[in-house]
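What the coordinates show
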Amino acid sequence: MNYLSAENLAKSFADKWLFKNINFGISKGDKIALIGTNGTGKTTFLNILTGKLPPSEGSVSLRKDTRVGYLDQSPAFDETMQVMDVIFSSANPVAQVVKKYEEALEAHDDQAMMALMEDMDSLNAWDFESKTKEILGRLGIHHTDSLYGTLSGGQRKRVALAKILLEEPDLLILDEPTNHLDLDTVEWLENYLNTSNTTLLVVTHDRYFLDTVCNQVLELDHGSAYTYKGNYSYFLEKKAEREEIEAAGIDKARNLMRKELDWIRRQPKARGTKAKYRVDAFEELKEKASQKKFDAQLELNVRTSRLGSKIVELDKVSKGFGDRQLIKDFEYTFRKGDRLGIVGKNGMGKSTLLNMIMGELEPDSGKVVTGETVQFGYYRQSDMVFDDNQRVIDVVKDVAEVVRLGTGETVTVTHLLQAFLFTPEKQYDFVAKLSGGEKRRLQLLLILMKEPNFLILDEPTNDLDISSLNVIEEFLATFPGCLMIVSHDRYFLDRLVEHIFVFEGEGKISDFPGNYSELREYQDEQKLEQKANPVKEVVAKPVEQPVVQASKRKLSYKEKQEFEGLEAEMASLEQKKAKLIEQLSQGGSHEELTQWAREIEEATNTLEERELRWLELSESV
């Protein structure tokens, strides 16, 4: 069943075409990712599909009675409404009947209640309120009586997302839904979209999200659209193939154009009947030959200041606000080359820790000691303030005309801007014309130009397109100084960090050795272990024999002999198990392999029993 069709869609602003001749359709069950670099028109494309913006050319057709839910980048509702009223302001028939039923209940209107109960039954609306609270809770919105106008930008977007999910539209269109969500919430949203019978069109830079949720990719690139039937990994493979073919085509067109240009120049100017078809063909050839090839990106290698042996020491640092403890007695000494990720739910104090390290916030107790050679570069969540009337290149030249690379060479700011995906034409645009992602890219560039040796990045991936992320990741992968990253982008963390500060709540921060995927794997194993052994730490034996007495009890002669024998038996079992594993790896008949596998299992079980008994006896040695 086809929900939406777009034919020959095009959009221009003034004399600039964002895209042209796009033909596109969405069918029931499709989960489509819309991707493209900043400024290619992704949000404009969504606004056209949803009727918020007219196309310059072409048309959009929506199947009759198809309900569309659209989450844009800056959702707006009446700021005087409470959060729950925003949810119930929906045209969703379930929300409306629940609202009417609640009003009849408050007014003690029994007659209206009886009439509405039939509607509640027919729409299966009895669990709507509990479902509403569950989704709001999952999205971190707990105070449903708060006024919408008092919420932060991130909270507003989460309320809007909850509203759309509860409407259960036929077609869900989401523009950057993972921005402002913590990692647990992003994973919940992934699972929700995968398990629900949802038709989806989504713009996101979260590459794990794209791989897990989407089964198609629509790419906007240089004004054209390309469709790939597969997830993000498949898209990367096929895009590389397409670019190789197109680059070869451009080379061929350029060679042919040189020959045609020579022919054009040799023709007498006065001949009006000069082969017109060949002249027309030359113009088409010229257009193709003038396309840009997909050259590799310039290497991004900005110089950093020298970092001494003393960097930053956190000595029993604590911080709270009111009766809420965010950080309690936290200790850590930074070492050269530290590559740290920071994760935790929103509001747990991640940015608070960064601000204390930067010296912008004093701890309640403890101290932060910073080495003399440390040169911070702090990329904040909030946008840097630019002069909209300045050109991009002038903004950068205000910091420096040339930049030193890590190799000792110097390059012009024009080359550096190109490394950050600002084309020569874009460099002369006014800041006012930049997209949100382009401004964020410019913000990071200005920070790096100051040669920091300790980079702190607070949600650096928000609003950045995938091409920008790849460029930045390549640079950060070889950054020689200290690196701290707060991010909800799992791919970004996996690629760049070596251990993680986990904010667990109530002031506790643990240091996990590994990247984010390894952390999640460990947490999942812990949950499974707790389910399998729910009372592992609360043993019933102390009721009969208190632990205090057991710890003081001396081993009997027989138990001492058993304890000594256990050590020898465990060593023998280990050797037997290792020999069986070696035999199994070398291969054998089916009967032998089956027998060896059974013996390995028996040896493992026996070894575990002996180890538990050895530990029990060792308490009294």
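First things first, this report covers the structure right here in the doc. (Residues numbered from 1 in each chain as written. Predicted model: local features only at pLDDT ≥ 70, side-chain atom pairs only at ≥ 80, totals over all residues. Heavy atoms only, no water.)

Overview of the pattern of salt bridges
To be explicit about the condition: Every case where a carboxyl oxygen of Asp or Glu lies within 4 Å of a side-chain nitrogen of Lys or Arg is listed as a salt bridge. Strands are runs of DSSP state E lasting at least two residues, helices are runs of H or I lasting at least four, and both sets are numbered from the N terminus onward.
In the structure shown here, the tally under the stated rule is 23 salt bridges. For the salt bridge of Arg156 with Glu79, the shortest nitrogen-to-oxygen distance reads 3.0 Å. Of this pair, Arg156 sits in helix 6 (residues 153-167) while Glu79 is found in the loop between strand 5 (68-71) and helix 2 (83-88), placing the two residues 77 residues apart along the sequence. One salt bridge in this structure joins Lys239 and Glu219, with 2.5 Å as the shortest N-O distance.

A short note on a negative patch on the surface
Counted only if it meets this: Patch rule: a residue counts if its relative accessible area is over 30% and it has no salt bridge; like charges are joined within 9 Å, and nonpolar side chains (Val, Leu, Ile, Met, Phe, Trp, Tyr) within 5 Å. Under the convention used here, a 1.4 Å probe and the Shrake-Rupley method define accessible areas, while residue burial counts only the protein chains that appear. Residues scored as charged are limited to Lys and Arg (positive) and Asp and Glu (negative), so that His and the chain ends carry no count. Charge positions are represented by NZ for Lys, CZ for Arg, CG for Asp and CD for Glu. Only protein chains enter the calculation, and the probe is 1.4 Å; a residue is then buried if its accessible area is under 20% of its type maximum, exposed if over 50%, and partly exposed in between.
The grouping of Glu518, Glu521, Asp524 and Glu525 at the surface amounts to a negative patch. Tracing the backbone shows Glu521 in helix 18 (residues 516-532). Judged by its relative accessible area of 48%, Glu521 is partly exposed.

Section: the packing of aromatic side chains
Cut-off, in case you're wondering: Geometry of aromatic contacts follows a simple scheme: Phe, Tyr and Trp rings, the Trp one being its six-membered ring, pair when their centres are within 6.5 Å, and the pair is stacked under 30 degrees between planes, edge-to-face over 60, tilted otherwise. Criterion for a charge above a ring: Arg CZ or Lys NZ at most 6 Å from the ring centre, at most 35 degrees from the ring normal.
The tally for this structure, following the rule as stated, stands at 14 aromatic pairs. Considering the side-chain rings of Phe330 and Phe501, the 5.1 Å spacing of their centres and the 85° angle between planes classify their relative orientation as edge-to-face. Highlighted residues: Phe330 in strand 11 (residues 324-333) and Phe501 in strand 19 (residues 499-505), separated in sequence by 171 residues. Phe501 sits in the buried class, given a relative accessible area of 0%. Members of the aromatic cluster, connected to one another through ring pairs, are Phe330, Tyr332, Phe334, Phe376, Phe454 and Phe501. Over the face of the ring belonging to Phe13 we find Lys11, whose NZ or CZ atom lies 5.4 Å from the ring centre. Above the plane of the ring of Phe422 lies Arg441, whose end atom (NZ or CZ) is 4.9 Å from the centre.

Digging into the pairing of strand 1 (residues 2-13)
Short version of the rule: Pairs of strands are assigned from DSSP output, requiring at least two bridges between the strands.
With 8 bridges joining them, strand 1 and strand 2 (residues 16-27) adopt antiparallel strand pairing. Within strand 2, the residue paired with Asn2 across the bridge is Ser27. Taking the residues between adjacent antiparallel strands as the criterion, strand 1 and strand 2 are bridged by 2 residues, where Ala14 takes a positive phi near 60°.

Focus: the packing of helix 5 (residues 128-138) against helix 6
The line we're drawing: As a rule, the C-alpha atoms of each element are fitted with a line to give its axis, helices using only the stretch in contact, and angles between N-to-C directions run from 0 to 180 degrees. When the near helix sits turned anticlockwise from the far one by under a right angle, the crossing is termed left-handed; a clockwise turn instead gives a right-handed crossing. Between two residues, a contact is recorded if the distance between any of their heavy atoms is within 4.5 Å. Think of it as three bins: nonpolar holds Ala, Val, Leu, Ile, Met, Phe, Trp, Tyr, Cys and Pro, charged holds Asp, Glu, Lys and Arg, and polar takes everything else, Gly as well.
It is the contact of helix 5 with helix 6, at a shortest axis distance of 10 Å, that shows an interaxial angle of 140°. Judged by the sense of rotation from one axis to the other, the crossing of helix 5 with helix 6 is right-handed. Across from Phe128, Lys131, Thr132, Ile135 and Leu136 in helix 5, the residues of helix 6 making contact are Ala162, Leu165 and Leu166. Residue classes in the contact of helix 5 with helix 6 are distributed as 6 nonpolar, 1 polar and 1 charged.

Quick word on the sheet that holds strand 18 (residues 482-486)
Strands sit in the order 14-17-18-12-19-20 across an open sheet of 6 strands; the sheet is mixed. Strands at the two margins of the open sheet, each flanked by one partner only, are strand 14 (376-379) and strand 20 (508-513). Pairs of neighbouring strands in the sheet enclose a mean axial angle of 15°, with direction left out of account. Inspection of the sheet shows strand 12 (residues 339-343) paired to strand 18 by 4 bridges, in the parallel sense. What sits directly across from Leu340, in strand 18, is Met484. In the packing of helix 18 onto the sheet, contacts are made with strand 12, strand 19 and strand 20, and the angle to strand 19 comes to roughly 45°.

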